[in-house]
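Listed below are the residues making up each chain.
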Amino acid sequence: MGDTPDTQARQSLRKALSTLRHVFAAGPRVLLIGSDTVALDLKAFEVDVHTFERRVAEATPAACASAAALYRGDLLDGFHLQEAAFAEWLTAERERLRGMAIGTLESLLVHEFHHHRVEPAIQVAHRLIALNPLHEAAHRSLMQLYARQGRRDTALQQYRLFADRLWHEVAENPDTETKTLYRRILNEPASRMPTRPSVLVVEDEIVTREHLVAILTAAHYDVVAAGDGADALLLLSRRPFDLILSDIVMPLLDGFKLLEVVRDKRIETPVVFITGRPNSGSEARALRLGAVDYVTKPIDREVLLRRLANAIRARVGAAR
């Protein structure tokens, strides 16, 4: 074991094997121990890596979906061992499995895209980009998928985010196909784009923000997310929204201050507050400032969607 003397290394190995035998004593045989080798008995139990490899090899849409679900990050993520040979092997295995995951997600994206499964395709594209932030085909697919949903601004924003990152990281511009797609979406008459109600989600807590975005996207809203009231004001200066769904307690600019600024600037977008610390004082202050509704955590999907729909209908009715 590396620089460890042979005698000490053998003693450590015997101790480790004895511990493993004790741990698995009541279960199936797990280890195959030879005179100079130790291996896992893959007939005794399933290992995610091998199941993943089999699914990838099958290459059917169902198998690709299963493989994608199994791949949850780098092999042995967070595990560290001060041993050069092991580190070299682990690095190579991580790269190999990551490459297989990317190839599987690419195949799955093509399948979902051509079968017009927009939401699943968007999720697959996002996973591809998480593994490879400069995956141009995935960014291009996202642009097309957002355009199909009528989310023209989101599609254009996706291009700009990709172009900025590409330039800052490798000093290159998007390829001709991506630029052409961007110009086509940019020049598409708004009347020909399908329209959907737009919601600005303002939430500093990442898990809650992603949960809200997932709920609203699945309900066919055009969703843009901000992590703070200050970011929300910047987005409001760039485009209109049909509704603002905002947390109250946030570190830089809280929901109450956001609502005050929105009203001071005479922005007529209705605001619905969402909070995990409900009390009568907060609710009264929210309504006094002009909030149209108040939703509490944990979030009930049906209640949330019903209240947002009511708020948007009320706004449309008032505009008439």
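The following refers to the structure shown. (Residues numbered from 1 in each chain as written. Predicted model: local features only at pLDDT ≥ 70, side-chain atom pairs only at ≥ 80, totals over all residues. Heavy atoms only, no water.)

1. Some details on the packing of aromatic side chains
Here comes step 1: Taken as a whole, this structure holds five aromatic pairs when the rule is applied.
Here comes step 2: When the centroid spacing of 5.8 Å and the interplanar angle of 40° are considered together, the rings of Phe-86 and Trp-89 count as tilted. With Phe-86 and Trp-89 both in helix 4 (residues 84-114), this residue pair falls three residues apart, about one helical turn.
Here comes step 3: With a relative accessible area of 43%, Trp-89 lands in the partly exposed category.
Here comes step 4: Between the aromatic rings of Phe-256 and Phe-273, the centroid separation amounts to 5.5 Å while the plane-to-plane angle is 80°, which identifies the pairing as edge-to-face. Remark: Phe-273 occurs in strand 6 (residues 271-275) and Phe-256 occurs in helix 11 (residues 255-264); sequence separation between them is 17 residues.
Here comes step 5: Cluster of aromatic residues (ring-pair linked, three or more members): Phe-79, Phe-86 and Trp-89.
Here comes step 6: Over the aromatic face of Phe-113 sits the side chain of Arg-148, whose NZ or CZ is 4.2 Å from the ring centroid. (Phe/Tyr/Trp six-rings, centres within 6.5 Å; stacked < 30°, edge-to-face > 60°. Helix = DSSP H or I, 4+ residues; strand = E, 2+ residues; numbered from the N terminus. Buried < 20%, exposed > 50% of the residue type's maximum accessible area, 1.4 Å probe, protein only. Lys NZ or Arg CZ within 6 Å of the ring centre and 35° of its normal.)

2. Structural notes on the sheet that holds strand 6
Here comes step 1: One open sheet holds the five strands; their spatial order is 4-3-5-6-7, and the pairing between them is parallel. Pairing within the sheet leaves two strands with one partner each, and these edge strands are strand 4 (222-226) and strand 7 (293-296). In this sheet, neighbouring strand axes are inclined to one another by 20° on average, regardless of whether the strands run parallel or antiparallel.
Here comes step 2: Pairing of strand 5 (residues 243-247) with strand 6, which is carried by four bridges, proceeds in the parallel orientation. Note that in strand 6 the partner of Asp-247 across the bridge is Ile-274. (Pairing = 2+ DSSP bridges. Axes fitted to C-alpha atoms, helices over the stretch in contact; angles between N-to-C directions.)

3. Observations concerning the side chain of Glu-203
Here comes step 1: Within the secondary structure, Glu-203 is located in the loop between strand 3 (198-202) and helix 9 (206-218).
Here comes step 2: What makes Glu-203 buried here is its relative accessible area of 0%.
Here comes step 3: A polar side-chain atom of Glu-203 sits 3.2 Å from a polar atom in the side chain of Lys-297.
Here comes step 4: With residues up to four places along the chain from it excluded, the contact list for Glu-203 reads Thr-208, Arg-209, Ala-226, Gly-227, Asp-247, Met-250 and Lys-297. (Polar contact = N/O pair within 3.5 Å; in protein donor to acceptor, adjacent residues only side chain to side chain. Contact = heavy atoms within 4.5 Å.)

4. Here we look at the packing of helix 3 (residues 61-70) against helix 4
Here comes step 1: It is the contact of helix 3 with helix 4, at a shortest axis distance of 9 Å, that shows an interaxial angle of 130°. Here helix 3 lies oblique to helix 4, going by the angle between them. Here helix 3 and helix 4 pass one another in a crossing that is left-handed. Along its contact with helix 3, which presents Pro-61, Cys-64, Ala-65, Ala-67 and Ala-68, the element helix 4 presents Thr-104, Leu-105, Ser-107, Leu-108 and His-111.
Here comes step 2: Its residues placed into classes, the contact of helix 3 with helix 4 shows seven nonpolar, three polar and no charged. (Parallel < 35°, antiparallel > 145°, perpendicular 65-115°, else oblique. Left-handed = near helix turned anticlockwise from the far one by under 90°. Nonpolar A, V, L, I, M, F, W, Y, C, P; charged D, E, K, R; others polar.)

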